[in-house]
Amino acid sequence: GAGVSQTPSNKVTEKGKYVELRCDPISGHTALYWYRQSLGQGPEFLIYFQGTGAADDSGLPNDRFFAVRPEGSVSTLKIQRTERGDSAVYLCASSSRQGGDYGYTFGSGTRLTVV
Amino acid sequence: SQKIEQNSEALNIQEGKTATLTCNYTNYSPAYLQWYRQDPGRGPVFLLLIRENEKEKRKERLKVTFDTTLKQSLFHITASQPADSATYLCAPAGRGSTLGRLYFGRGTQLTVWP
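Residues numbered from 1 in each chain as written. Chains lettered and ligands numbered in written order. Predicted model: local features only at pLDDT ≥ 70, side-chain atom pairs only at ≥ 80, totals over all residues. Heavy atoms only, no water.

A. Representation of the interface of chain A and chain B. Listed per partner, the contact involves 23 residues of chain A and 22 residues of chain B. In total, chain A and chain B occlude about 1,700 Å² of area from one another, counting both sides; carbon and sulfur atoms represent 46% of this. At the boundary of chain A with chain B, the tally comes to 1 salt bridge. Residue Asp 56 of chain A pairs with Arg 101 of chain B through a salt bridge whose shortest N-O separation is 3.1 Å. The interface formed by chain A and chain B holds 7 residue pairs in polar contact (both at pLDDT 80 or more) in total. Going through the elements one at a time, β4 (31-37) and β5 (44-50) of chain A are the ones with two or more residues in the side of chain A that touches chain B. (Contact = heavy atoms within 4.5 Å. Buried area = accessible area lost by both parts, 1.4 Å probe. Salt bridge = Lys/Arg side-chain N within 4 Å of Asp/Glu carboxyl O. Polar contact = N/O pair within 3.5 Å; in protein donor to acceptor, adjacent residues only side chain to side chain. Helix = DSSP H or I, 4+ residues; strand = E, 2+ residues; numbered from the N terminus.)

B. The arrangement of the environment of Asn 12 of chain B in detail. Residues and elements named next belong to chain B. Structurally, Asn 12 is set in strand β2 (residues 10-14). Here the alpha-carbon distance between Asn 12 and Arg 95, two residues 83 residues apart in the chain, equals 34 Å. Beyond its immediate stretch of four places on either side in the chain, Asn 12 contacts Thr 111 and Trp 113.

C. How the structure looks around the state of the cysteines. All told, the structure shown has 2 disulfides over all chains when counted by the stated rule. Shown here is the disulfide that connects Cys 23 of chain A with Cys 92 of chain A, its sulfur atoms set 1.9 Å apart. Its S-S torsion of about -70° marks the bond between Cys 23 of chain A and Cys 92 of chain A as left-handed, since a negative value means left-handed. Here Cys 92 of chain A lies in strand β9 (residues 88-95) and Cys 23 of chain A lies in strand β3 (residues 19-24), a separation of 69 residues in the sequence. Overall, the relative accessible area of 0% leaves Cys 23 of chain A in the buried class. Since its relative accessible area comes to 0%, Cys 92 of chain A is described here as buried. For Cys 23 of chain B, the disulfide goes to Cys 90 of chain B, at an S-S distance of 1.9 Å. Disulfide Cys 23 of chain B to Cys 90 of chain B: torsion about the S-S bond roughly -60°, handedness left-handed. Separated by 67 residues along the polypeptide, Cys 23 of chain B in strand β3 (residues 19-26) and Cys 90 of chain B in strand β9 (residues 86-92) bring together distant segments of the chain. (Disulfide = S-S within 2.5 Å. Buried < 20%, exposed > 50% of the residue type's maximum accessible area, 1.4 Å probe, protein only.)

So this is what it looks like as structure tokens:
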């Protein structure tokens with residue numbers, strides 16, 4: 001696609017529920033990243049995929065968070081037993097390769113609100 | 001742990017002047033550093049990348065410097081315009097096993113007034 005697409009754009013869920021956030025990267029981009037951004041803060045790294053595998057998942061805050069990218073394109077971030085502290089904007093980014101002069105292309109994010 | 005500091009939360013300048021934003025980092029040595037622009041309700045937009053062996057990089061009205069001794073990057077916008085008003089994020093990368101990770105600062109909100 002022309003850009004990184006994230007769905008839904010907004011998600012309101014009740015505490016304790018399970019949510020899935022989807023990311024459609026730019027076609028052909030092998031690297032995919034998940035970040036989350038709280039109000040007034042910079043994005044915080046969660047996980048990075050190179051192809052289908054998680055190259056670095058050390059930013060996931062706990063075992064309630066899990067992400068997959070089974071075919072090396074679309075990725076899903078899954079959050080179990082949501083807590084109010086999970087409320088944030090979840091950003092996905094992709095890049096054609098790591099370390100190039102291209103930077104990362106971010107989506108507009110999914111705003112998650114846990115009530 | 002890594003710490004990224006951007007000089008101020010807000011910077012207000014007059015149209016036509018040069019805006020200078022500062023980014024300082026501590027406790028690590030990034031392989032490269034990126035700068036992004038973020039508008040309200042949108043994801044960050046990539047502007048420039050500078051590597052540890054580069055001192056300066058330019059793109060149109062933008063200039064980035066990288067001083068690995070001072071652990072500092074400066075971001076300049078010359079001939080600033082009201083359309084440049086946004087939040088600017090500094091993002092040094094990791095290295096080695098964390099090369100794919102960016103560590104973002106909180107950002108500097110730039111306002112350019114006519």
